[in-house]
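These are the residues of each chain, in order.
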Amino acid sequence: ALARGRERPGRARPRLRGRTQAGGREAGVGGATSSEAATSLLRARGRIVLDVASSESPRGLFGPRVRSGDLAEFTRALAALLPAGLPLPRALNVARDIAPPSLRAALTDVQARVERGTTFADALAAHPGAFAPSYVGLVRAGERAGNLDGSIARLADAIEGEQQFRAKLLTAAIYPVLLAFVGGAAILVLLMVVLPRFGALFAASGSALPASTALVLSLSNPLRTYAVPVVLALVVLVAVATWLATSRDAADARSRLFLSTPLVSGFYRE
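Since we're looking at a predicted model, the values are computed, not measured.

1. Observations concerning the overall build of the chain
Then comes step 1: Each helix and strand counted, the chain has eleven helices and three strands in total.
Then comes step 2: Its helices and strands taken in sequence order, the chain reads β-β-α-β-α-α-α-α-α-α-α-α-α-α from the N to the C terminus.
Then comes step 3: Long-range pairs, those at least 24 residues apart, make up 53% of the contacts in the chain between residues at least 6 apart in sequence.
Then comes step 4: Of the roughly 17,200 Å² of accessible surface on the chain, 63% is carried by carbon and sulfur atoms.

In structure tokens form, the structure reads like this:
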């Protein structure tokens, strides 16, 4: 059901992910020229559509980033406009005008798609960099249940609640993280600069060193010898941790890791 191959220059084709009725996964570049046509094509062929994203959607570390606060502001505005009786395209137009700049380009396209007859959820799904799959899924559920107003209001409450939780977590984590950073830097300076000088004095004295002192000195020498590989290893670890924490492509791996780690799994579920 998926046309695999390279995209023609200057002509964007949607990236597709779906399931067969037997449960197998399929992914590739669709032959349709729009997300709506690709979705309809897959459904007509009996496929369960998981994701349809435009290949023109900005991705990567240097693309525009939508903060949760921006998304909460837009969602709250939309939750206030829809119960007032405004049609969805008109409500999107008003919400776009007051939305943060990071969302305006995506919302302009979303409004255009809705005016062409695309469902709101499918229009949002065309911009995965701005709207997470969980966001799109709740909007889709609201549309199918005929309660889009209620779904948007619940989304706004959920995003704001998540923001408050993140703020509390960040506030609680600042001191221990800062303490760990400063303490780690101080320990590295001691091991790589201070202790080697004392080691020469201890060696010249000829006296037997306590076991704890000998252990610390034994750690100091390899650190000085292999300083560059150690620093590179730390950089790689930080890069991997950052990727696991921020990349949506790593969401499955991150979830499996956290859910299988004792003590961490309970907190992650909450």
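After presenting the structure, the write-up continues.
2. With respect to the environment of G85
Then comes step 1: Looking at the secondary structure, you find G85 in the loop between helix 2 (68–81) and helix 3 (88–98).
Then comes step 2: Looking at G85, the relative accessible area reads 60%, which means it is exposed.
Then comes step 3: Taking the C-alpha atoms as reference points, G85 and D149, separated by 64 residues in sequence, lie 10.0 Å from one another.

3. Observations regarding the side chain of S265
Then comes step 1: Mapped onto the secondary structure, S265 falls in helix 11 (residues 264–269).
Then comes step 2: Each residue touching S265, except ones within four places of it in the same chain, is listed here: F258 and L259.

4. A few points about the nonpolar core
Across soluble globular proteins, you tend to see nonpolar side chains buried next to one another.
Then comes step 1: In this structure, F74, L78, F120, F131, Y135, V139 and I152 are the most contacted members of the largest nonpolar core, which totals 33 residues.
Then comes step 2: Taken together, the elements giving at least two residues each to this core come down to helix 2, helix 3, helix 4 (101–115), helix 5 (120–125), helix 6 (133–145) and helix 7 (148–205).
Then comes step 3: Here this core gets seven residues from one element, more than from any other, and that element is helix 2.
Then comes step 4: Not counting chain neighbours up to four residues away, the residues in contact with L78 comprise P83, A91, L92, A95, F120 and I152.

5. Quick notes on a nonpolar patch on the surface
Then comes step 1: There is a patch of nonpolar side chains on the surface, built from F198, L201, F202 and L209 and spanning about 350 Å² of accessible area.
Then comes step 2: With respect to the element layout, F198 can be found in helix 7.

6. Side note on the packing of helix 2 against helix 3
Then comes step 1: Interhelical geometry of helix 2 versus helix 3 gives an angle of 145° and a closest axis separation of 9 Å. Pair helix 2 / helix 3 crosses with right-handed handedness. Each of E73, F74, A77, L78 and L81 in helix 2 lies in contact with helix 3, whose residues at this interface are A91, L92, V94, A95 and I98.

7. As for the pattern of salt bridges
Then comes step 1: Applying the stated criterion to the full structure yields six salt bridges.
Then comes step 2: The salt bridge partner of R96 is D97, with a shortest N-O separation of 3.5 Å.
Then comes step 3: Ionic pairing is found between R113 and D109, a salt bridge with its closest N-O pair at 2.5 Å. Taken together, the residues R113 and D109, both in helix 4 and four residues apart, mark about one turn of the helix.
Then comes step 4: Looking at R113, the relative accessible area reads 10%, which means it is buried.
Then comes step 5: Since its relative accessible area comes to 24%, D109 is described here as partly exposed.
Then comes step 6: Where salt bridges share partners, they join R76, D157 and E160 into one cluster.

The rules behind the values
Residues numbered from 1 in each chain as written. Predicted model: local features only at pLDDT ≥ 70, side-chain atom pairs only at ≥ 80, totals over all residues. Heavy atoms only, no water. Helix = DSSP H or I, 4+ residues; strand = E, 2+ residues; numbered from the N terminus. Contact = heavy atoms within 4.5 Å. Areas by Shrake-Rupley, 256 points an atom, 1.4 Å probe, with all protein chains shown as cover. Buried < 20%, exposed > 50% of the residue type's maximum accessible area, 1.4 Å probe, protein only. Core = buried A, V, L, I, M, F, W, Y, C linked by side-chain atoms within 4.5 Å. Patch = residues over 30% accessible without salt bridge, like charges linked within 9 Å, V, L, I, M, F, W, Y side chains within 5 Å. Salt bridge = Lys/Arg side-chain N within 4 Å of Asp/Glu carboxyl O. Axes fitted to C-alpha atoms, helices over the stretch in contact; angles between N-to-C directions. Left-handed = near helix turned anticlockwise from the far one by under 90°.

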